[in-house]
Amino acid sequence: MSNDDTTTFHLACHCGTHHYPLSVPLSALPLFAWTCSCTTCRHVTGAPFITSTSVPGLSDLFPGFAPLDFKGLPETLIVYGSSPHGRRISCTKCGTPLINVYWDWDDDGNAHWVEWSAPLGALMVGDLTPDKMYNIGIHFWVGATGDGGMIRWIPDGQVNWATWPHMGIFDISKEIGKPKPHLNGLGEDVLSCSCKCKGVKFEILRPSAKPDGPGVKEMAPLPSKWHANHCFCNDCRLWLGHLLPSAVSVGREHIRWVDDATLKVYQSSPGMKRMFCGNCAAKVGTSCDENGWMDISIGLIDIDGEEDDGRENEGIAGLLKDWTEWSEEFSFGEEASDTRLRDEVRTGMARDGFMKGA
Ligand SMILES: [Zn+2]
Ligand SMILES: [Zn+2]
Ligand SMILES: [Zn+2]
């Protein structure tokens, strides 16, 4: 096939350890892409939902890799078994997710239907615009967020499956969930957060719990709420690996660590720390040495009834309404790789009363 018939996608991590060119036939474009808001995807990445696509050639990158027994990958890659059907491969040094493998078994115990996918935020293409490169055609497991979570904010008309396509469509136009109080063992109202493997667990306190603590002045617009925002800068997108890096900014002393056994720090630039779970690779958050606060990944927030599906849950959007106040301006909105997604998010946030709108 001549060069005119193909284009090259680059799959890369933030720290530069991994960089894989993938030759994709133009006839395969736009690639089918999807979001997933399931409990696993949120807690194994830190993203509010993942954005993935099946890129031809992914299964050839590591020919010795045996997904079932976790063997055959270099030590520069973490492989985490997110379920009996799935492996998530990320950079050991920086945590950027690179490849997901899913499969199913037939009655004889042989794997069939194997799918290799890559996160859209870690894929780069020369001058192809996102609409030519991929098409997000389905939103999976929207019901796992309780109320639609941030998929509520993407009015793109695509199918919103309540769960994997066996439980029907989730109607995102209904109201956001009603948050319930979450009291910890000390009787404090907290937002609880965890990575998928639970090696990292912590609680976020309201600003009013320590009104003089660091970060309150800058990041607490109200005694009960922390500042939150999406950051569309290239660094945050590439590190997270997904298209919508969203964080709540919390005073350092307002974070109560329950477990940090697997917490790993990646120093991405002088003074800038990016923290992730060294076991499941969930992005925990970022902090600048001179600031009194940390930016915590919204995907780690636990909701009541997390393992259930549907509207009995309090809902991610409802919890965020209760705990966060959003900027009218996105951080680095001009760097967004997918401006259509960015603008849809703004429309949806205005409809739910999180922003004033365009
Ligand atoms: Zn890396
Ligand atoms: Zn998922
Ligand atoms: Zn973990």
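Within any chain, residue numbers begin from 1 and follow the written order of that chain's sequence. Chains carry letters from A onward and ligands carry numbers from 1 onward, assigned in written order. Since the coordinates come from a predicted model, pLDDT governs what is reported: local features require at least 70, and pairs of side-chain atoms require 80 or more to be given and counted, while whole-chain, interface and lining totals use all residues.

As recorded in an unreviewed UniProt entry, the protein chain goes by the name CENP-V/GFA domain-containing protein, listed as coming from Calocera viscosa.

Draft legend 1. Just the overall build of the protein chain, in detail. Under the DSSP-based scheme used, a helix requires at least four consecutive residues in state H or I and a strand at least two consecutive residues in state E, with every element numbered from the N terminus. Helices and strands together make up the secondary structure of the protein chain, namely 6 helices and 21 strands. Oriented by its inertia axes, the alpha-carbon framework of the protein chain measures out at about 65 × 45 × 40 Å. Put simply, a residue is buried when 20 or more other C-beta atoms lie within 10 Å of its own C-beta and exposed when 12 or fewer do; between those, it is partly exposed, and each C-beta is set from the backbone. Relative to its full complement of 358 residues, the protein chain shows a buried share of 47%. Residue pairs qualify as contacts under a 7 Å threshold applied to their C-beta atoms, which are placed from the backbone. Partitioning the contacts of the protein chain with sequence separation of at least 6, the portion at a separation of at least 24 is 62%.

Draft legend 2. Layout of the pairing of strand β7 (residues 97-105). One ladder, built from 5 bridges, connects strand β6 (residues 86-91) with β7; its direction is antiparallel. Bridge pairing in β7 places Arg88 opposite Asn100. Two strands pair if DSSP finds at least two bridges between them. Between β6 and β7, which pair antiparallel in sequence order, lie 5 residues; one of them, Gly95, sits at a positive phi of approximately 90 degrees. When β7 meets strand β8 (residues 111-119), the two strands line up antiparallel, connected through 5 bridges. Looking across to β8, one finds that Asn100 is bridged to Ser117.

Draft legend 3. The arrangement of the domain arrangement of the protein chain in detail. What counts as a domain boundary in this text is fixed by an automatic or database domain assignment. The domains assigned to the protein chain are domain 1 (3-160) and domain 2 (190-351). Taken together, the 42 residues of domain 1 in the interface contact 48 residues of domain 2. Where the side of domain 1 that touches domain 2 is concerned, the elements lending two or more residues are α1 (39-45), β4 (50-53), β5 (77-83), β6 and α2 (130-133). Looking at the side of domain 1 that touches domain 2 element by element, the count peaks at 6 residues for α1. Considering only residue class, the side of domain 1 that touches domain 2 consists of 18 nonpolar, 17 polar and 7 charged. Gly is placed with the polar residues, together with every amino acid not listed as nonpolar (Ala, Val, Leu, Ile, Met, Phe, Trp, Tyr, Cys and Pro) or charged (Asp, Glu, Lys and Arg).

Draft legend 4. Examining helix α5 (residues 316-323) more closely. A large share of α5 lies buried, amounting to 7 of its 8 residues. Taken together, the buried positions of α5 are occupied by Ile316, Ala317, Gly318, Leu319, Leu320, Lys321 and Trp323.

Draft legend 5. Just the sheet that holds strand β9 (residues 123-125), in detail. Strand order across the open sheet formed by 3 strands is β2-β1-β9, with antiparallel pairing between neighbours. Both edges of this open sheet fall to β2 (19-25) and β9, since each of them pairs with a single strand only. Here the strands of the sheet are splayed against their neighbours by 30 degrees on average, with no regard to which way each runs. Direction of pairing for strand β1 (residues 6-12) relative to β9: antiparallel, over a ladder of 3 bridges. Bridging across to β9, His10 finds its partner in Met124. With axes taken as lines fitted to C-alpha atoms, and helix axes fitted only over the stretch in contact, angles between N-to-C directions fall between 0 and 180 degrees.

Draft legend 6. Seen up close, the sheet that holds strand β20 (residues 293-297). The 7 strands lie next to each other as β17-β18-β19-β20-β15-β14-β21, forming an open sheet whose pairing is mixed. The outermost strands of the open sheet, each flanked by one partner alone, are β17 (263-269) and β21 (324-326). In this sheet, neighbouring strand axes are inclined to one another by 30 degrees on average, regardless of whether the strands run parallel or antiparallel. Where β17 lies against strand β18 (residues 272-277), 6 bridges are found, and the strand directions are antiparallel. Within β18, the residue paired with Lys264 across the bridge is Phe276.

Draft legend 7. Region of the structure containing helix α6 (residues 339-351). For a helix, the expected span equals 1.5 Å multiplied by the number of residues minus one. For α6, spanning 13 residues, the distance from its first C-alpha to its last is 19 Å, which sits close to the expected 18 Å at 1.5 Å a residue. If you check which residues of α6 are buried, you get Leu341, Val345, Arg346, Gly348 and Met349. Looking at the packing, one finds that the buried side of α6 touches β14 (226-230) and β21.

Draft legend 8. Expanded view of unusual backbone geometry. Cis geometry is found at the peptide bond from Leu29 to Pro30, where omega equals -10 degrees. With respect to the helices and strands, the residue Pro30 is situated in the loop between β2 and β3 (31-36).

Draft legend 9. The arrangement of the environment of Val345 in detail. As for its position among the elements, Val345 is in helix α6. Distance in space between the C-alpha atoms of Val345 and Trp161 is 19 Å, their sequence separation being 184 residues.

Draft legend 10. View of the pairing of β3. Burial of β3 is extensive: 5 of the 6 residues sit out of reach of the surface. Alignment of β3 against strand β10 (residues 134-140), held across 6 bridges, turns out to be parallel. Note on β10: the bridge partner recorded for Trp34 is Ile138. Summarising the sheet, β3 and β4 pair through 4 bridges and their orientation is antiparallel. Opposite Thr35, over in β4, you have Thr51 as the bridge partner.

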